[in-house]
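# Overview (structure and organization)
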Amino acid sequence: MLRLLLVLLLASPLAACGNGDDAASDTTIAIPTGEPLTGSEYALIVSSDFGTDTLALAMFNQQFAQFTRQIQQGNPALLSDSLSMREIRRLMSEQFVMQHLIEGLTEDEAATAEDSTEVANRIQAFRGQAGEEEFQNQLAQQGMTEEMFREMSLMRLRSERVQQRIADATPQPSEADVEAYRSEQAEEVRASQISFFLYPNYTPAQRDSVEQLAEAVLDSVQAGTPLSELAARYSNDPSGQAGGDVDFFNRSMGFPFTEEAFALADSGDVAAELVRTPNSLHVLQLTGRRMGVPMDTTRARQALRFERQAEAFRDAVIERFREANGIVRVNDALRIDLNDVYEIDG
């Protein structure tokens, strides 16, 4: 079934921005955020000199349910844990924000007669894919008219053109960069961990209690108690039944502790502090390191350039947003941080 809004929102070229290693780097420009929305009917409020856009919490939840059903049909492994669900919510939120931001980046991008023809062709393609009745049903469900859909399609077309100019201006990575990328991506580590979940319905007192327990367990591991013994007793993650072992993984795996695991130097080293996400705490120990099979050189060059292009586009859009006094407020019920990337494999 055709999901018109999600096609435009999540399947757009912008969907790649912000969900790779480069997007989480220290050099990436952060999205300006304001005070969280508490008890609000809105999931997101995005304001700038371009105006204000809002996304109702009910609509966000409806889109989330639709999108996760689509993933369930195509790749159910992506929905295997709460981490993946948070990252999907974060990506959905970022794409809503981006739709507001690209208005600033594309405001001087004049529409042409060719644009009108291209948009008409795209709409006709949607109609052909879904059928006229389904097309109209989806418009009605999203509260959209054909004119609104046409304007959204035109905005996407203009943003694609701006993105292409930025992509064309992004230098090709050097051979040294490509080889370093291949080596980095081939590196694998093995780790064991103990997870403490901070469930959304926990009170502040309950969260404090979990954190105190996690700190005590970390102290015990650092003092020499085998992590495997404590994992079986305390971990909320299924890996606890295997002594906390999560086997070997590379940098693309969707663990909340991936970066911290690669930062540990030697097998047996324990992370000095708890690894923290909004919904979990982790005691982490490195148990192995090895080199896997390096990525094909051509594929590595394409992947590295694509990451750099996506980061350049995202930063250009957000910089324009900052210049326009932009601010984003997020409903705290979503339990996400727009500038904190939780990577998911696949």
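Details of the structure are given in the entry above.
Values in this document were obtained by computation on a predicted structure and should not be read as measured data.

Basis of the calculations
Numbers given to residues run from 1 along each chain, matching the order in which its sequence is written. Side-chain atom pairs in this predicted model are given and counted only at pLDDT of 80 or more, local residue features only at pLDDT of at least 70, and totals for whole chains, interfaces and linings cover all residues. Side-chain figures throughout are based on the complete set of non-hydrogen atoms in the structure, without hydrogens or water. Per-residue accessibility, obtained with a 1.4 Å probe over protein chains only, is compared with the maximum for each type, and a residue is labelled buried under 20%, exposed over 50%, and partly exposed between these values. Pairing of aromatic rings covers Phe, Tyr and Trp, the last through its six-membered ring, and needs centres within 6.5 Å; plane angles under 30 degrees mean stacked, over 60 mean edge-to-face, and all others mean tilted. Put simply, DSSP H or I for four residues or longer makes a helix, DSSP E for two residues or longer makes a strand, and each gets a number counted from the N terminus. For a Lys NZ or an Arg CZ to count as sitting over a ring, it must be within 6 Å of the ring centre and within 35 degrees of the ring normal. Side-chain atoms within 4.5 Å link the members of a nonpolar core, which is a set of buried Ala, Val, Leu, Ile, Met, Phe, Trp, Tyr and Cys residues. Any two residues whose heavy atoms approach within 4.5 Å at even a single point are treated as in contact. This arc corresponds to the set of directions leading from the helix axis out to the C-beta atoms. Whether two strands pair comes down to DSSP finding at least two bridges between them. With axes taken as lines fitted to C-alpha atoms, and helix axes fitted only over the stretch in contact, angles between N-to-C directions fall between 0 and 180 degrees. Any pair of nitrogen or oxygen atoms within 3.5 Å is treated as a polar contact; in protein, a donor-acceptor pairing is required on top of that, and neighbouring residues in sequence qualify only through side-chain atoms on both sides. One speaks of a salt bridge when a side-chain nitrogen belonging to Lys or Arg is within 4 Å of a carboxyl oxygen belonging to Asp or Glu.

What follows covers unusual backbone geometry. Within the chain, aspartate 247 stands out as a residue other than glycine whose phi angle is a positive 65°. Judged by relative accessible area, aspartate 247 falls into the partly exposed class, the value being 40%.

The relative placement of two aromatic rings is captured by the distance of their centres and the angle of their planes. This model, assessed by the stated rule, comprises eight aromatic pairs. Measuring from centroid to centroid gives 5.4 Å for phenylalanine 126 and phenylalanine 149, while their planes differ by 55°, and the two rings are tilted. With phenylalanine 126 in helix α4 (residues 113–130) and phenylalanine 149 in helix α6 (residues 146–169), this residue pair connects regions lying 23 residues apart in the sequence. An identical accessibility class is assigned to phenylalanine 126 and phenylalanine 149; each is buried. Where tyrosine 199 meets tyrosine 202, the ring centres are 5.4 Å apart and the plane angle is 75°; that geometry is what we call edge-to-face. Among the aromatic residues, ring-to-ring pairing joins Phe249, Phe255, Phe257 and Phe262 into one connected group. Between the NZ or CZ atom of arginine 251 and the centre of the ring of phenylalanine 262, over which it lies, the distance is 4.2 Å.

Counting residues in hydrophobic clusters, the biggest one holds 27 residues, and the most contacted among them are Leu44, Phe60, Val97, Leu101, Val328, Val330 and Leu334. Looking at this core, the elements that each hand over two or more residues are β1 (42–48), α2 (57–74), α3 (82–105), α6, α11 (297–323) and β7 (327–330). For this core, the leading source of residues is α3, giving seven residues. Once residues lying within four places of it in the same chain are set aside, the contact partners of leucine 101 are Phe50, Val317, Ile318 and Phe321. Formed by 14 residues, the second largest nonpolar core is a distinct cluster that contains Leu198, Val217, Ala231 and Leu274.

Looking now at helix α5 (residues 132–141). For α5, the set of buried residues is Glu134, Phe135, Gln138 and Leu139. Each buried residue of α5 lies within a common arc of 140° when the element is viewed along its axis, so the set occupies one face. Exposed residues on α5 whose side chains face more than 90 degrees from its buried face are Glu133 and Ala140.

Residue placement: tyrosine 199 occurs in the loop between β3 (187–197) and α8 (204–222). Residues tyrosine 199 and proline 278 lie 79 residues apart in sequence; the distance between their C-alpha atoms is 9.4 Å.

Bringing the pairing of strand β6 (residues 280–291) into the picture now. Regular strands have side chains that alternate between both faces of the sheet. Alignment of β3 against β6, held across eleven bridges, turns out to be antiparallel. The partner of glutamine 193 across the bridge, within β6, is leucine 284. Relative to β6, strand β5 (residues 275–277) runs antiparallel, the two being bridged by three bridges. Within β6, the position partnered with valine 275 by the bridge is histidine 282. In sequence, β5 turns back onto β6 through a hairpin of two residues.

With that settled, the discussion passes to the sheet that holds β5. Strand order in this open sheet of four strands is β4-β3-β6-β5, and the pairing throughout is antiparallel. In the strand order of this sheet, the two ends are held by β4 (245–249) and β5, each with one partner. In this sheet, neighbouring strand axes are inclined to one another by 35° on average, regardless of whether the strands run parallel or antiparallel. Those strands touched by α8 are β3, β5 and β6, and its axis lies near 35° from that of β6. Those strands touched by helix α9 (residues 227–234) are β3 and β6, and its axis lies near 45° from that of β3.

Moving on: the sheet that holds strand β2 (residues 51–56). What links the strands of a sheet is backbone hydrogen bonding, and the strands pair in either a parallel or an antiparallel sense. Spatially, β2-β1-β7 is the arrangement adopted by the three strands of the open sheet, whose pairing is antiparallel. A single partner strand is all that each edge strand has here, and the edge strands are β2 and β7. With direction set aside, neighbouring strand axes in the sheet form an average angle of 10°. Across six bridges, the pairing between β1 and β2 is antiparallel. Its bridge partner being in β2, tyrosine 42 is matched across the sheet by alanine 56.

One can find serine 47 in strand β1. Measuring from C-alpha to C-alpha, the distance between serine 47 and asparagine 325 comes to 8.1 Å, with 278 residues separating the pair along the chain. When residues no more than four places from it in sequence are discounted, the contact partners of serine 47 are Thr52, His100, Phe321, Asn325, Gly326 and Ile327. At 3.4 Å, the side chain of serine 47 forms a polar contact with the side chain of threonine 52.

Using the criterion set out here, one finds 21 salt bridges in the structure. Between glutamate 94 and arginine 90 there is a salt bridge, with its nearest N and O atoms 3.3 Å apart. With a gap of four residues between them, glutamate 94 and arginine 90 both fall in helix α3, about one helical turn apart. Across the pair, arginine 90 and glutamate 94 agree in class, each one buried. Measuring nitrogen to oxygen at the nearest pair gives 3.3 Å for the salt bridge that ties arginine 150 to glutamate 147. Residue arginine 150 and its partner glutamate 147 are located together in helix α6, separated by three residues, close to a single helical turn. Since its relative accessible area comes to 27%, arginine 150 is described here as partly exposed. A relative accessible area of 44% places glutamate 147 in the partly exposed class. Residues joined by salt bridges that share partners form a network here, namely Glu118, Arg122, Arg156 and Glu160.

All quantities given are derived from atomic positions and should not be read as evidence of function.
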